[in-house]
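Working through the structure, step by step
Given next are the chains, with one letter for each unit.
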Amino acid sequence: MKPLNKYIVITIGILTFFLVSCEKPLEIEPKSEFSGAFLDTQEGIEALLASAYANHQLNGWGGAADYIALNEGTTDTFRVYLGAYFNNTMRRYQEFTFDAGHTAVIEDYWRKCYRAIRDANILIVEIPNHPKLSDDIKDIYLGEAKFIRASAYSLLHEWFGGVPLITETSTELFPVRASAQEIEDFVISELNVAAPLLPSTRPASEFGRATRGGALGILAHFQLNTKNWGDAAQTAQKVIDLGVYGLLPNYADIFALDNEGNIELVHTFPNLDVAPVGGNWTRNTLPGDYPTNVVNAATQSVVPIPFYNTFDSNDERAELIVTEYISSKGVFVNLLDPNEGPVGDKYNHPRSFKYPIDEDSADPTIGGQDVPYIRYSDILLTRSEGLVMSTGAVSQEALDLLNEVRDRAGLPDYTLTDIPDQATYVDKILEERSWEFYSEGKRRSDLIRHGRFIQNALDRGITIAKPFHVLFPIPQTEIDANENLVQNEGY
């Protein structure tokens, strides 16, 4: 891991403070630790910006692992068995029995986003007339604040639809929900403002901070998921035209511990091998008898065999999924046989090692594996999909973009004969994205975007899945704390 830079150190301190102090429902009014003379200094603004980033980044215990689990555990690409994480959190999401009272994960997620929004709102007020900041720094910091605020609202929109739209440092005690369309319009406008204010590249010491490509990448991703097809294609092209990003030749190198900040990462949630910003993905995915010094939890997070079997035998992306190993007792274990061994199906499924074991972690219960939010392959596939969905036809350009991703995976190119129409393309792009982005938290939104999320659940025998499940419930604690907050339909 790279040495801790000043920025990340500040972030860790701020994040620690919030993790231990923010246990109550959302408080709209900001606390006084970021007010008055302190914010008149550059150090004060930077500390508040670090706090905003700490709340924006899906890292630490849970963090990205929870985001991935809920966005894939509700689909066919991921499953959790056993342990407290299964019993207390994931079981109800996987079985579609979750409700507003089952606030595990979604409550913290809601509050973390609104803490980021609160911090960003203060920054957006304070930065323009700040007495100590140069004009250039003002632009960058303002771009970062708007980026963080828009990103938080995009995440809230993804899970909850319309939410309270708070853009002031002081607001009504009980804010009403904005419509999903109002949140959509705000996110798109805000990211379009933020992008030109941000630098195209960052030094290694600022890895994880917002860039122009990051803002445009999240915008393209959001436009795709909100079916602004043509705009998504155009925004993706802007990222391509920056000339900053590219596909790495070897898929595994994207996620390597010693390769953070590589050219495929458009925006990333960094993790460090120290609390509270270390990831806990590995401890939940390791088989119980896997030979490693890393702490192994009772939880078993797996890649279901039916999904694994959809990979082409030549697909190099599947090489990061462990299907067999020699146990710590020297026994050969075949994870593709659900009946092998005494524990059966709950243990014997393949495991995603996309985020490699951090054997050198300072804390064996966590790891420093960074989690990508937007990758360059996502940009290529976003433009491809946007072109096909906006025009109703499959063009050679759309296929070339798709094939660029397939080429890296070691798969043959598709031709216009293979994919002659839009309906066939949708089938193929959903397959491709499931193989390219497994364990990255994109499957749920991909299926929802094409109206297949509920059918996906029904096909897996989850007969109680209903159309309203495309949104999660607003946590009941937030409903109870705000008399004007209306629950999502069905909950």
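Sequence order sets the numbering: in each chain, residues are counted from 1 along the sequence as written. Reporting in this predicted model follows two pLDDT cut-offs: at least 70 for local features of residues, and 80 or more for side-chain atom pairs to be given and counted; totals over whole chains, interfaces and linings ignore these cut-offs and use all residues. For side-chain calculations, the full set of non-hydrogen atoms in the structure is used, while hydrogens and water are omitted.

1. Quick look at the overall build of the chain
In terms of regular secondary structure, the chain is built from 17 helices and eight strands. Taken over the C-alpha atoms alone, the chain extends approximately 65 × 50 × 45 Å along its principal axes. Counting over 491 residues, the chain shows a buried share of 59%. Within the chain, counting contacts between residues at least 6 apart in sequence, those at least 24 apart form 71% of the total. Numbered from the N terminus, helices here are DSSP runs of H or I no shorter than four residues, and strands are runs of E no shorter than two. Per-residue accessibility, obtained with a 1.4 Å probe over protein chains only, is compared with the maximum for each type, and a residue is labelled buried under 20%, exposed over 50%, and partly exposed between these values. Contact definition: two residues touch when any of their heavy atoms are within 4.5 Å.

2. Brief notes about a negative patch on the surface
Together, Asp 400, Glu 404, Asp 407 and Asp 413 make up a negatively charged patch on the protein surface. One can find Asp 413 in the loop between helix H13 (396–408) and helix H14 (422–436). With a relative accessible area of 42%, Asp 413 lands in the partly exposed category. Patch membership is restricted to residues that have no salt bridge and whose relative accessible area is over 30%. Joining uses 9 Å for like charges and 5 Å for the nonpolar side chains Val, Leu, Ile, Met, Phe, Trp and Tyr. Method for areas: the Shrake-Rupley scheme with a 1.4 Å probe, in which residue coverage is limited to the protein chains shown. One side-chain nitrogen of Lys or Arg within 4 Å of one carboxyl oxygen of Asp or Glu is enough to make a salt bridge. His is not counted, nor are the chain ends; Lys and Arg add positive charge and Asp and Glu add negative charge. A charge is said to be at NZ when it belongs to Lys, at CZ for Arg, at CG for Asp and at CD for Glu.

3. Section: the packing of helix H8 (residues 212–225) against helix H9 (residues 229–241)
Whenever a helix is involved, its axis is fitted only over the stretch in contact; in every case the axis is a line through C-alpha atoms, and angles between N-to-C directions fall within 0 to 180 degrees. Look at H8 against H9: their axes get within 8 Å of each other, and the N-to-C directions meet at 160 degrees. With respect to H9, the element H8 is oriented roughly antiparallel. Considering how the two elements wind past one another, H8 and H9 form a crossing that is left-handed. Mapping the contact onto sequence places Gly 213, Leu 216, Gly 217, Leu 219, Ala 220, Gln 223 and Leu 224 in H8 and Trp 229, Asp 231, Ala 232, Thr 235, Ala 236, Lys 238 and Val 239 in H9. Across the contact of H8 with H9, the residue classes break down as eight nonpolar, four polar and two charged. To sort the angles, those under 35 degrees are grouped as roughly parallel, those over 145 as roughly antiparallel, those from 65 to 115 as roughly perpendicular, and the leftovers as oblique. In this scheme, a crossing is called left-handed if the near helix is turned counterclockwise away from the far one by less than a right angle; it is called right-handed if the turn is clockwise. Residue polarity is assigned by list, with Asp, Glu, Lys and Arg as charged and Ala, Val, Leu, Ile, Met, Phe, Trp, Tyr, Cys and Pro as nonpolar; anything else, Gly included, falls into the polar class.

4. Observations regarding the pattern of salt bridges
Summed over the entire model, instances satisfying the criterion amount to 29 salt bridges. The residue Glu 432 makes a salt bridge to Arg 317 at a minimum N-O spacing of 2.7 Å. Of this pair, Glu 432 sits in helix H14 while Arg 317 sits in the loop between helix H11 (305–308) and strand S4 (321–322); the two residues are 115 residues apart in sequence, bridging distant segments of the chain. Arg 317 matches Glu 432 in its accessibility class, with the two residues each being buried. Residues Arg 452 and Asp 427 are paired through a salt bridge, measuring 2.8 Å at the closest nitrogen-oxygen approach. Taken together, the positions of Arg 452 in the loop between helix H15 (443–449) and helix H16 (453–459) and Asp 427 in helix H14 put the pair 25 residues apart, joining distant regions of the chain. On the basis of relative accessibility, which here comes to 31%, the residue Arg 452 falls in the partly exposed class.

5. Here's the deal with H14
In an α-helix there are 3.6 residues to a turn, and that puts residues three or four apart on one side. What a helix is expected to span follows from its residue count: subtract one and scale by 1.5 Å. The end-to-end C-alpha distance of H14 is 20 Å, a good match for the 21 Å that 15 residues give at a rise of 1.5 Å each. If you check which residues of H14 are buried, you get Tyr 425, Val 426, Ile 429, Leu 430, Glu 432, Arg 433, Ser 434, Trp 435 and Glu 436. Tucked into the core, H14 has its buried residues touching H11, strand S8 (371–375), helix H12 (376–391), H13 and H15.

6. Regarding the packing of aromatic side chains
Working definition: a ring pair exists when centres of Phe, Tyr or Trp rings (six-membered ring for Trp) sit within 6.5 Å. Plane angles under 30 degrees give stacked, over 60 give edge-to-face, the rest tilted. Following the criterion strictly, the structure yields 28 aromatic pairs and no others. Measuring from ring centre to ring centre gives 5.0 Å for Trp 159 and Phe 472, while their planes differ by 70 degrees; the resulting arrangement is edge-to-face. Of this pair, Trp 159 sits in helix H6 (residues 135–160) while Phe 472 sits in the loop between H16 and helix H17 (476–481), and the two are 313 residues apart along the sequence. The same class applies to Trp 159 as to Phe 472, namely buried. For the ring pair Phe 311 and Trp 435, a centre distance of 6.3 Å and an interplane angle of 40 degrees mean the geometry is tilted. Placement of the pair is Phe 311 in the loop between H11 and S4 and Trp 435 in helix H14, with a sequence separation of 124 residues.

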